[in-house]
Amino acid sequence: MNSPKKILIITYYWPPAGGPGVQRWLKFAKYLPEFGWKPIVYTPENPSYPLLDDSLIKDVPKDLEIVQTKIWEPYQLAEKLNKSNKKFKAGQFDVGKNQSWKSRLSIWVRGNFFIPDARVFWVKPSVKFLEHYLKENKIDVVVTSGPPHSLHLIGLNLKKKLPHLKWIADFRDPWTEISYYKHLKLTKSSDRKHRQMESEVFRNADITLATSYTDAENFRKNGANSFCITNGFDETDSPTISSNSKTTRPSNTSTFTLSYIGVLEQLRNPENLWKALNDLIRQNADFAESFVLKFAGRIDDKILADLENSALKNHILNLGYLSHDKAIEEMQTSDILLITNFPNESSKGIIPGKIFEYLATGKQIISFGPDDADVSRILNETQAGNHFSYQDSDTIKEFILEKFALWKNGYSAENTTNIEQFSRRNLTKRLSEILE
């Protein structure tokens, strides 16, 4: 039997880090051995994670080799200057009227002094360490996973020093095309540096991975040898429905619950949904008596404050941040699951990772984002819900009332058509084929 090939995964996020960013390569590392690959992980020894989730540790393979070195990052200093700077670690920002002068200054410093991001100080020591490590160990493929996109600079510099190295640049989110990029208050010089770095990564990486169809296409247009491997769901985390057609199942909940699971920042705030729900509560006594808006995750304080000043005030159940396991339980006890994207057209390629776990529950999904979004394509393929723009109004009410009527009659709409393609095992199989 042939010995497995070795793949070195360079990632900032690793358990006990929480959130969707850590799960992509955690799940690949879990299933890669089934396809003839031995994963090795290189990650910081002392990272500054915005979220922690010990429940993900169980997915780390027992025999996985983990290589660590120390990192220095300026976030602790930034948080002393302004507590809201803690949001930066998760790519969140105050926007518009919610920005204080401290926020504006911090965003400007973050965008212009730390290029491409505040983890850039890990690049040089990592290149030095890994150049030696790669010469001492037979590694077949190196993967860099960003954001933080500074990790791609590690791959770029290693590729320059070791030209025969096979390097995969994995973009969980785009770099200069990500929605908050335009909020970084970049000077022309800083913008140019970002774009030059991104272009160099695209041109030098042997393969560039994207998590959405649109991103893969955009990367190809910019010179990358790009493939799309979406995120997905793990069968061992969430029991999937085996039916291949639209079904209704007995509803086992005493309240009609619309849930948002995850982080919700101001740039993805579905104000038209809140208005539609306010209207339904005022106009429909049955709906008002049964409805609950459930949050499980980190919701921006400004969004929560606005909701507390609306008719939704007495209908909110805010559970705060939950472990991954608990979050999946909350998905399964919901009737409609909410997903939001940035409203601008350049974000149509963003597919939030949790949509796949939403799909695995069989629950109906209500989505907000730009027209012709990749999320809309997935919902259409799986018949798992509806996608709306941030300008829609009456059609949102119709969708919610249709699901409410079904629930009222003792049923909940469920569907898992064509979701097997998004299982973590099948996605890892596709990755292994690309790596060959």
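As shown above, the structure is provided for reference.
Since the structure is predicted, the reported quantities are computational estimates derived from the model, not experimental observations.

**Side note on the packing of aromatic side chains**
- All told, the structure shown has 22 aromatic pairs when counted by the stated rule.
- Between the aromatic rings of Phe 368 and Tyr 390, the centroid separation amounts to 6.0 Å while the plane-to-plane angle is 40°, which identifies the pairing as tilted. With a gap of 22 residues between them, Phe 368 in strand β13 (residues 364–368) and Tyr 390 in the loop between β14 (385–388) and α14 (394–408) connect regions that are remote in the sequence. Considered together, Phe 368 and Tyr 390 belong to a single accessibility category, that of buried residues.

**Quick notes on the pairing of strand β5 (residues 167–171)**
- Counting buried residues in β5 gives 5 out of 5 residues, a clear majority hidden from the surface.
- Side chains Trp 167, Ala 169 and Phe 171 of β5 all project onto a buried face; the interleaved residues Ile 168 and Asp 170 project onto the opposite face, where all are buried too.
- In this fold, the crossover linking strand β4 (residues 141–146) to β5 by way of helix α5 (residues 150–161) has right-handed handedness.
- Here 4 bridges tie β5 to strand β6 (residues 207–210), and the two strands are oriented parallel to one another.

**Comments concerning unusual backbone geometry**
- Backbone torsion omega between Pro 15 and Pro 16 reads 15°, so that peptide bond is classified as cis.
- Here Pro 16 lies in the loop between β1 (5–11) and α1 (20–31).
- That bond from Pro 147 to Pro 148 is cis: its omega, 0°, falls within 30 degrees of zero.
- Looking at the secondary structure, you find Pro 148 in the loop between β4 and α5.
- If you check the backbone angles, Asp 372 has positive phi at about 60° while not being a glycine.
- Along the chain, Asp 372 falls in the loop between β13 and α13 (374–382).
- The class for Asp 372 is exposed, based on a relative accessible area of 66%.
- A positive phi is found at Asn 418, a non-glycine position, where the angle reads about 60°.

**Thoughts on the sheet that holds strand β2 (residues 37–44)**
- The strand order across the open sheet formed by 7 strands is β3-β2-β1-β4-β5-β6-β7, and the pairing between neighbours is parallel. Each of the sheet's edge strands pairs with one partner strand only, and the pair in question is β3 (65–69) and β7 (226–228). When strand polarity is set aside, the average angle formed by the axes of neighbouring strands in this sheet is 25°.
- Bridge analysis of β1 against β4 gives 5 bridges, and the strand direction is parallel. Residue pairing in the sheet places Thr 11 in a bridge with Ser 145 of β4.

**Description of the nonpolar core**
- Judged by nonpolar contacts, the single largest core of 83 residues is most densely connected at Ile 7, Leu 8, Ile 10, Ile 154 and Ile 355.
- Ignoring anything within four residues of it in the chain, the contact list for Leu 8 reads Ile 40, Tyr 42, Leu 130, Tyr 133, Leu 134, Ile 139, Val 141, Val 142 and Val 143.
- In terms of nonpolar packing, the next biggest core, distinct from the first, is built from 32 residues, Leu 312, Ile 336, Phe 388 and Trp 407 among them.

**Quick notes on the packing of α1 against helix α15 (residues 424–435)**
- Contact geometry for α1 and α15: axes closest at 9 Å, N-to-C directions at 80°. Comparing their axes, α15 and α1 come out roughly perpendicular. For the pair α1 and α15, contact is made by Gln 23, Arg 24, Trp 25, Lys 27, Phe 28 and Tyr 31 and by Arg 424, Arg 425, Leu 427, Thr 428 and Leu 431, respectively.
- Considering only residue class, the contact of α1 with α15 consists of 5 nonpolar, 2 polar and 4 charged.

**Details of the sheet that holds strand β9 (residues 256–261)**
- Taken in spatial order, the 6 strands of this open sheet run β11-β10-β9-β12-β13-β14, and their pairing is parallel. At either margin of the open sheet sits one strand with a lone partner, and together these are β11 (316–318) and β14. Strand-to-strand twist across the sheet, computed as the mean angle between neighbouring axes with direction ignored, equals 20°.
- Where β9 meets strand β10 (residues 291–296), 6 bridges bridge the pair, whose relative direction is parallel. Counted as the bridge partner of Tyr 260 is Phe 295 from β10.

**Digging into the pairing of β1**
- Of all 7 residues making up β1, 5 are buried, and the element is well covered by its neighbours.
- Sheet topology places β1 next to β2; 6 bridges connect them, and they run parallel. When the bridges of β2 are listed, Lys 5 appears paired with Trp 37.
- Running through α1, the crossover from β1 to the neighbouring parallel element β2 is right-handed.

The rules behind each value
Residues numbered from 1 in each chain as written. Predicted model: local features only at pLDDT ≥ 70, side-chain atom pairs only at ≥ 80, totals over all residues. Heavy atoms only, no water. Phe/Tyr/Trp six-rings, centres within 6.5 Å; stacked < 30°, edge-to-face > 60°. Helix = DSSP H or I, 4+ residues; strand = E, 2+ residues; numbered from the N terminus. Buried < 20%, exposed > 50% of the residue type's maximum accessible area, 1.4 Å probe, protein only. Right-handed = clockwise from strand over helix to strand, strands pointing away. Pairing = 2+ DSSP bridges. Axes fitted to C-alpha atoms, helices over the stretch in contact; angles between N-to-C directions. Core = buried A, V, L, I, M, F, W, Y, C linked by side-chain atoms within 4.5 Å. Contact = heavy atoms within 4.5 Å. Parallel < 35°, antiparallel > 145°, perpendicular 65-115°, else oblique. Nonpolar A, V, L, I, M, F, W, Y, C, P; charged D, E, K, R; others polar.

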